[in-house]
Every structure is written in C-alpha cells, then in structure tokens.
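Residue-level structural notes
So the chains spell out like this:
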Amino acid sequence: MSEEAATPAWFRNALACVPQRGTVQAEGATIETLSWGDPAKPGLFLLHGGAAHADWWSFIAPMFTDRFRVVAFSWSGMGQSDWRESYAIRGFAREAVEVARKTGLLDGPVPPIWMAHSFGGHPSLAAAVEMPEAMSALILIDTGGFPAPGVIENFVYSTRASPVFATREEALARFRFVPPDREAPAFIRDFIAARSILEQGSDAPGWRWRFDFSMWSRLDREPDVLDLLAAADLPVAFIMGGETQIMADDAADRIRELRSRLTPIVTVPDAGHHIMIDNPLAFVSAVNGLLAAWP
C-alpha cells in the first residue's frame with residue numbers, strides 16, 4: 001500500500017488547508033502562531049498541551065473554518081517559540097491573551113472560544129478567571145486537576161538539557177507521546193514527530209526536541225487549578241478520552257461537585273489522553289456538539 005493510500009482523505013484535505021504562519025511578541029518572547037480562515041468570523045483559539053506545539057492542531061483546525069477564524073500557537077518553551085528563564089501559570093495566561101489580541105481574535109464580533117488540551121487548560125483557566133474579557137467560553141480537553149492514582153507520583157520533572165541525537169532518523173525513532181498512549185495512527189504520529197525536532201547549528205551538531213526540558217522544574221504552578229475551575233464564571237465544558245490514562249474514574253462527578261454552573265462533559269470513545277490524535281473525527285464531532293449549544 002502506498003503512503004498516500006494509507007493516509008485518509010480527510011487528513012490530506014485538512015493539511016491542504018495551509019495555515020498562515022507568523023510570530024507575535026508576548027510577555028517579552030517571540031511566539032509562533034498559526035491561523036486559518038476569515039478574520040471577520042468569530043474566533044476559535046487552540047491551546048496545546050505540555051511539550052507539544054501548534055502543529056498538533058494543523059489537521060484539526062481546518063475542520064472549523066466554515067464558522068470560525070482559528071488560531072493556534074506554541075507556548076513559550078515549546079515548538080518554535082522562545083524559551084524563558086522562568087515560567088509561571090499566570091505568565092502563560094498573559095502570554096495567551098496577548099497572542100489572542102495580536103492575532104486579531106479579540107477584534108472579532110464576539111470574544112473567541114478557547115479550547116485547551118491537558119497542560120494548556122491550567123493557564124486557560126487562569127485567563128478565564130483573571131482576564132475573562134478575552135474569551136466567551138472554554139473547552140477543556142482531558143485536563144482540570146483530577147489525576148488518576150499514580151499519575152503525579154510517576155511524573156518526572158526533568159532538570160537536564162534536551163537529549164541530542166546524531167541523526168534526524170534517530171530522533172524520529174525516539175519520539176513518544178507522554179503519557180504513553182494507545183496506538184496513535186502512524187500518519188498522525190509521523191506528522192507530529194517531524195515537527196517536534198530541531199537540527200542544531202554547526203557549532204553543536206545533532207537533533208533535539210523543540211521544547212525546554214527544564215521548564216517543568218522551573219514552573220510556578222499557582223494559582224491552583226481547582227480553585228480556578230470553581231471560580232470561572234463563564235461557560236466551561238470538558239471533553240475526556242474514554243480510555244484516558246491521566247483522569248480519575250470519578251473525574252466527571254468531581255467536576256460537577258466543584259462547578260456551580262452547568263458544565264457539559266463529553267467522553268470520546270477509543271481515545272486516551274491525546275484525544276485529537278487517537279480519534280480525531282470523533283473528537284471534532286464532540287467539539288461540534290458543544291459549539292452548537294453555545295451562541
């Protein structure tokens with residue numbers, strides 16, 4: 001079977017909708033941005049998870065351009081964005097709001113809807129509480145401070161530099177999703193892996209990952225994510241993987257106990273923590289169901 005035959009038409013069609021690539025300055029750093037669609041339409045703002053990058057959304061974003069101006073970006077310390085001397089959840093929240101402003105999302109007819117995966121949900125909630133004018137609603141994807149037993153204990157915060165691989169092929173072969181996930185479709189894994197590595201300059205030959213390995217050990221995690229979730233006074237919805245490895249079995253019940261407002265919770269079958277990778281079309285269907293319920 002040819003490589004093209006093994007890659008479904010929906011994926012090829014999505015990637016044919018090429019984003020406008022650019023950068024903006026936010027909180028003193030150069031931040032990588034991707035955007036799709038008509039700037040006159042309402043905004044949909046996509047925020048990736050930890051150690052990921054904006055291109056995790058490149059095969060998802062085009063499926064919303066019929067209704068939205070879609071913008072994704074790479075958090076500082078990740079993708080092709082600048083690294084920082086120190087990191088903070090509140091700093092990431094300000095960074096995101098500044099990216100939304102400078103990419104025109106805050107100039108739309110209504111504030112944008114934010115959609116954040118995993119780590120991206122924490123600063124998004126900080127923005128929802130402390131800068132609520134920057135969004136009209138928030139969709140949290142497998143995030144929210146309800147970890148399954150052992151997740152936190154088994155997570156290692158690295159303080160070392162990124163490993164360097166001698167060849168591009170070696171780097172690609174070492175690519176893994178974290179946490180270890182169900183078997184991702186090869187065409188998606190290969191697409192993301194190829195955009196997760198960087199060739200170093202001639203003074204330091206080799207290939208490394210495109211994220212700051214030491215960020216986790218230098219991250220100020222305040223304010224508490226559960227306090228933010230309880231305080232957020234705007235529409236919030238959750239999408240969780242049916243086979244998620246990081247969310248507790250009772251996460252949905254705990255969310256409903258914590259939130260005084262109605263909080264829709266949708267579970268996507270046949271998906272682990274990386275829902276948009278494991279079952280992308282079902283993920284898009286779940287998002288569309290939530291978007292249909294919001295003006």
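Residues numbered from 1 in each chain as written. Predicted model: local features only at pLDDT ≥ 70, side-chain atom pairs only at ≥ 80, totals over all residues. Heavy atoms only, no water.

Turning next to the pattern of salt bridges. Following the criterion strictly, the structure yields twelve salt bridges and no others. The partner of Asp-212 in a salt bridge is Arg-218, and the shortest N-O contact between them spans 2.8 Å. In this structure Asp-212 comes out as buried when scored by relative accessible area, which is 6%. Residue class for Arg-218 comes out partly exposed when judged on its relative accessible area of 28%. Linked by salt bridges that have partners in common, Arg-21, Glu-32 and Asp-55 make up one network. (Salt bridge = Lys/Arg side-chain N within 4 Å of Asp/Glu carboxyl O. Buried < 20%, exposed > 50% of the residue type's maximum accessible area, 1.4 Å probe, protein only.)

This brings us to helix α8 (residues 251–258). Taken as a whole, α8 has its buried residues at Ala-251, Ala-252 and Ile-255. With its buried residues spanning 100° around the axis, α8 presents them on a single face. Summarising the contacts, the buried residues of α8 are in contact with β11 (236–241) and β12 (265–268). (Helix = DSSP H or I, 4+ residues; strand = E, 2+ residues; numbered from the N terminus. Arc of directions from axis to C-beta. Contact = heavy atoms within 4.5 Å.)

This part covers the nonpolar core. Grouped together as the largest cluster of nonpolar side chains are 99 residues, with contacts concentrated most on Phe-45, Trp-114, Ile-139 and Phe-283. Setting aside residues up to four positions removed in sequence, Ile-139 forms contacts with Ile-113, Trp-114, Met-115, Ala-116, Ala-237, Ile-239, Val-287, Leu-290, Leu-291 and Trp-294. (Core = buried A, V, L, I, M, F, W, Y, C linked by side-chain atoms within 4.5 Å.)

Moving on: the sheet that holds strand β3 (residues 43–47). As a general point, the strands of a sheet are linked pairwise by backbone hydrogen bonds and lie either parallel or antiparallel. Reading across from one edge, β1-β2-β4-β3-β6-β7-β11-β12 is the order of the eight strands in this open sheet, with mixed pairing throughout. A strand with exactly one partner marks an edge of an open sheet, and here the two such strands are β1 (20–26) and β12. Ignoring which end each strand starts from, the neighbouring axes of this sheet average 20° apart. Where strand β6 (residues 113–117) and strand β7 (residues 137–141) come together, five bridges link them in parallel fashion. Bridge pairing in β7 places Ala-116 opposite Leu-140. The strands touched by helix α3 (residues 89–102) are β1, β2 (29–36), β3, β4 (69–73) and β6; relative to β1, the strand with the most contacts, the crossing angle is about 125°. (Pairing = 2+ DSSP bridges. Axes fitted to C-alpha atoms, helices over the stretch in contact; angles between N-to-C directions.)

In terms of burial, β7 is a largely internal element, five of the five residues being buried. Because side chains alternate across β7, one face comprises the buried residues Ala-137, Ile-139 and Ile-141, and the other comprises Leu-138 and Leu-140, equally buried. For the segment spanning β6, helix α4 (residues 121–130) and β7, crossover handedness is right-handed. In this sheet, β11 lies alongside β7 in parallel orientation, the contact comprising four bridges. Bridging across to β11, Ile-141 finds its partner in Ile-239. (Right-handed = clockwise from strand over helix to strand, strands pointing away.)

This paragraph deals with the packing of aromatic side chains. The final tally for this structure, using the stated rule, is 19 aromatic pairs. Taking 6.3 Å as the distance between ring centres and 75° as the angle between the ring planes, the aromatic pair formed by Trp-10 and Phe-187 counts as edge-to-face. Taken together, the positions of Trp-10 in helix α2 (residues 9–16) and Phe-187 in helix α6 (residues 186–194) put the pair 177 residues apart, joining distant regions of the chain. Ring geometry for Phe-211 and Phe-213: centres 5.0 Å apart, planes at 10°, overall stacked. Taken individually, Phe-211 and Phe-213 each receive the classification buried, so the pair is uniform in this respect. Taken together through their ring pairs, the aromatic side chains of Phe-45, Phe-73, Trp-75, Tyr-87, Phe-92, Trp-114, Phe-119 and Trp-216 make up a single cluster. (Phe/Tyr/Trp six-rings, centres within 6.5 Å; stacked < 30°, edge-to-face > 60°.)

Right, let's get into the environment of Leu-229. Tracing the sequence through the fold places Leu-229 in helix α7 (residues 225–231). Expressed as a C-alpha distance, the spacing of Leu-229 and Leu-125, which sit 104 residues apart in the sequence, is 6.5 Å. In contact with Leu-229, other than residues within four places in its own chain, are Leu-125, Leu-140, Gly-144, Phe-146, Val-236, Phe-238, Leu-258 and Arg-259.

What follows concerns the packing of α2 against α6. Viewed as axis vectors pointing N to C, α2 and α6 meet at an angle of 25°, and their least axial separation amounts to 11 Å. On the basis of their axis angle, the class for α2 and α6 is roughly parallel. Regarding α2 and α6, the two cross each other, and that crossing is right-handed. Together, Trp-10, Phe-11 and Leu-15 of α2 and Phe-187, Ile-188 and Phe-191 of α6 make up the contact between the two elements. Taken together, the residues that form the contact of α2 with α6 break down as six nonpolar, no polar and no charged. (Parallel < 35°, antiparallel > 145°, perpendicular 65-115°, else oblique. Left-handed = near helix turned anticlockwise from the far one by under 90°. Nonpolar A, V, L, I, M, F, W, Y, C, P; charged D, E, K, R; others polar.)

Here we take up the packing of α3 against α4. Interhelical geometry of α3 versus α4 gives an angle of 75° and a closest axis separation of 8 Å. As summarised for this structure, α3 and α4 are arranged roughly perpendicular, according to the angle between their axes. Two secondary-structure elements touch here, α3 through Ile-89, Arg-90, Phe-92, Ala-93 and Val-97 and α4 through His-122, Pro-123, Ala-126, Ala-127 and Glu-130. Here the residues of the contact of α3 with α4 sort into seven nonpolar, one polar and two charged.

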